[in-house]
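Each chain is listed here by its residues.
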Amino acid sequence: MQQLTLDMNLVNFILVAMAVLLFAQAYVLLRIRNILQAIAMNFDSIIYFCRKFAGNANQQNKVKDTVPKTCQFCKHRLAYINTGKADNSEEDFYHRCGLRNINISLNDSCKQYEADEHVQS
């Protein structure tokens, strides 16, 4: 019968080893969970910025399409101060086309229109 009995030191060693392995597995699983959550947050941030970037590109295209093609928004428009009036009156501006070298109104348009990139609507 003595062959069937186990040494108590061996039983204690096996129990301690199983407990250590259980805690090590729990720690590793928690670390894996934290890493997966961090990856998910990074993907959410990437998706958010991609959507924001795509939304801004669409908005810019819409803004460019809604700007009327008049001399007011043309990059060839040149503005000058009309100095022919008296000094105490308001300063009037007049505009000339840089390509055709003629006086223009801001509501005019032509086939040579090019949008001014510095004009913000």
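The rules behind these values
Residues numbered from 1 in each chain as written. Predicted model: local features only at pLDDT ≥ 70, side-chain atom pairs only at ≥ 80, totals over all residues. Heavy atoms only, no water. Helix = DSSP H or I, 4+ residues; strand = E, 2+ residues; numbered from the N terminus. Buried < 20%, exposed > 50% of the residue type's maximum accessible area, 1.4 Å probe, protein only. Contact = heavy atoms within 4.5 Å. Phe/Tyr/Trp six-rings, centres within 6.5 Å; stacked < 30°, edge-to-face > 60°. Pairing = 2+ DSSP bridges. Polar contact = N/O pair within 3.5 Å; in protein donor to acceptor, adjacent residues only side chain to side chain.

Student: Help me get a handle on the overall build of the protein, residues and values and all.
Tutor: When helices and strands are tallied, the protein shows one helix and three strands. Of the regular secondary structure in the protein, the N- to C-terminal order runs α-β-β-β. Sorting the 121 residues of the protein into buried and exposed places 7% on the buried side. Of all intrachain contacts in the protein linking residues separated by at least 6 positions in sequence, the fraction that spans at least 24 positions is 48%.

Student: Requested: an account of the packing of aromatic side chains, with residues and values cited.
Tutor: Under the criterion given, the structure shown has two aromatic pairs. Here the aromatic rings of Y48 and F49 are separated by 5.3 Å at their centres, their planes lie at 70°, and the arrangement is edge-to-face. A centroid spacing of 5.5 Å and a plane angle of 25° characterise the contact between Y80 and Y94, whose relative ring orientation is stacked. Linking Y80 in strand 1 (residues 77–82) with Y94 in strand 2 (residues 92–97), this pair joins segments that are 14 residues apart in sequence. Using a relative accessible area of 35% as the deciding quantity, one classes Y80 as partly exposed. Given a relative accessible area of 33%, Y94 falls into the partly exposed group.

Student: For the pairing of strand 2, give the residues involved together with the corresponding values.
Tutor: With six bridges joining them, strand 1 and strand 2 adopt antiparallel strand pairing. Across the sheet, residue L78 finds its bridge partner in strand 2, namely R96. Pairing of strand 2 with strand 3 (residues 103–104), which is carried by two bridges, proceeds in the antiparallel orientation. Looking at strand 3, one finds that H95 is bridged to I104.

Student: Break down unusual backbone geometry for me, with residues and values.
Tutor: Trans is the common state for peptide bonds, and a negative phi is the common state for residues other than glycine. The phi dihedral of N101 falls on the positive side, at around 55°, and the residue is not glycine. Structurally, the position occupied by N101 is in the loop between strand 2 and strand 3.

Student: Describe the side chain of H95, naming the residues involved and giving the relevant values.
Tutor: Mapped onto the fold, H95 is located in strand 2. Sequence-distant contacts of H95, that is, excluding residues within four places in its chain, are made with R77, L78, A79, I102, N103, I104 and L106.

Student: Go over the sheet that holds strand 1, please, and point to the residues and values.
Tutor: If you walk across this open sheet you meet the three strands as 1-2-3, and the pairing is antiparallel. The open sheet has two edge strands with one neighbour each: strand 1 and strand 3.

Student: Tell me about the side chain of H76, and please be specific about residues and values.
Tutor: Assignment of secondary structure puts H76 in the loop between helix 1 (8–66) and strand 1. Of the polar contacts made by the side chain of H76, one reaches the side chain of E114; its length is 3.1 Å. Excluding its chain neighbours within four sequence positions, the residues that come into contact with H76 are R96, C97, G98, L99, Q112 and E114.

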